[in-house]
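Residue strings, one per chain:
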Amino acid sequence: MGTAVPGGGGGGMPSIPVMQLQLRNSTHGSINLWQNLEPVRQSGVLANMSPREVTLQEAMFELVTSEASYYKSMELLESHFLRNPILVNTLNQSEMHFIFSNIEDVMKASERFLIDLENRVEKSVKILDVCDLVDYHAKKHFHVFVTYVSNQNYQEQAYRRILKTVLSAMS
């Protein structure tokens, strides 16, 4: 039995999203401010909001877009380096382990967080809250990021060792 994600929706029929973000699959280089999104502008909700409320919406939306950007960076790392056959065949198993550590676990945690954030934002033009999602994911999945950061020293050492080997082989 799985743990319920806050705001993850209950049983019954799935609701139709108010806004379709799909930030994980977006090919757009930049993401608008919340207040400039077409569904927000068309809803008229801005007319009834104070500047502070708009700023709060922008802050919550920034969290979502920042996580989307992080996730896309992780996808690039995976597709261009971790799954690169030339690199995989060049580095030994230990080097691959040190350099890429638990990157797949980090990607999965980031994707779960992003999916929950997207689902929350898509429920309503006005974002009600994201703090409960941050709290939930920090408690359930933060250990993955701690492991990743703890391994950064080993990653740096392995990277320098490999670079030194390559440079000396080229001279």
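Rules used in this analysis
- Residues numbered from 1 in each chain as written.
- Predicted model: local features only at pLDDT ≥ 70, side-chain atom pairs only at ≥ 80, totals over all residues.
- Heavy atoms only, no water.
- Bend = angle between axes of the 7 residues up to and from the residue.
- Helix = DSSP H or I, 4+ residues; strand = E, 2+ residues; numbered from the N terminus.
- Buried < 20%, exposed > 50% of the residue type's maximum accessible area, 1.4 Å probe, protein only.
- 1 Å grid on protein atoms, 1.4 Å probe; cavity = no way out; pocket = protein on both sides within 12 Å on 5 of 7 lines; lining within 4 Å.
- Points joined across faces, edges and corners; volume = space filled by probe spheres on them.
- Nonpolar A, V, L, I, M, F, W, Y, C, P; charged D, E, K, R; others polar.

### Points about helix α6 (residues 131–150)
In α6, a bend of some 60 degrees at H141 exceeds every other bend along the element. What α6 keeps buried is the set L133, Y136, H137, H141, V144 and Y148.

### Here we look at the layout of surface pockets
By volume, the largest pocket is sized at about 350 Å³. The wall of the largest pocket is formed by 14 residues, among which I99, F100, Q155, Y159 and I162 lie closest to the centre. Elements that contribute at least two residues to the lining of the largest pocket include exactly α2 (51–82), α4 (93–100) and α7 (152–170). For the lining of the largest pocket, the element with the highest residue contribution is α7, accounting for seven residues. Grouping the amino acids of the lining of the largest pocket by side-chain chemistry returns 11 nonpolar, two polar and one charged.

### Some remarks on the environment of S73
By secondary structure assignment, the location of S73 is in helix α2. Counting along the chain gives 34 residues from S73 to M107, while the straight-line C-alpha distance between them is 9.7 Å.

Fair warning: the whole summary comes from geometry, so function is off the table for now.
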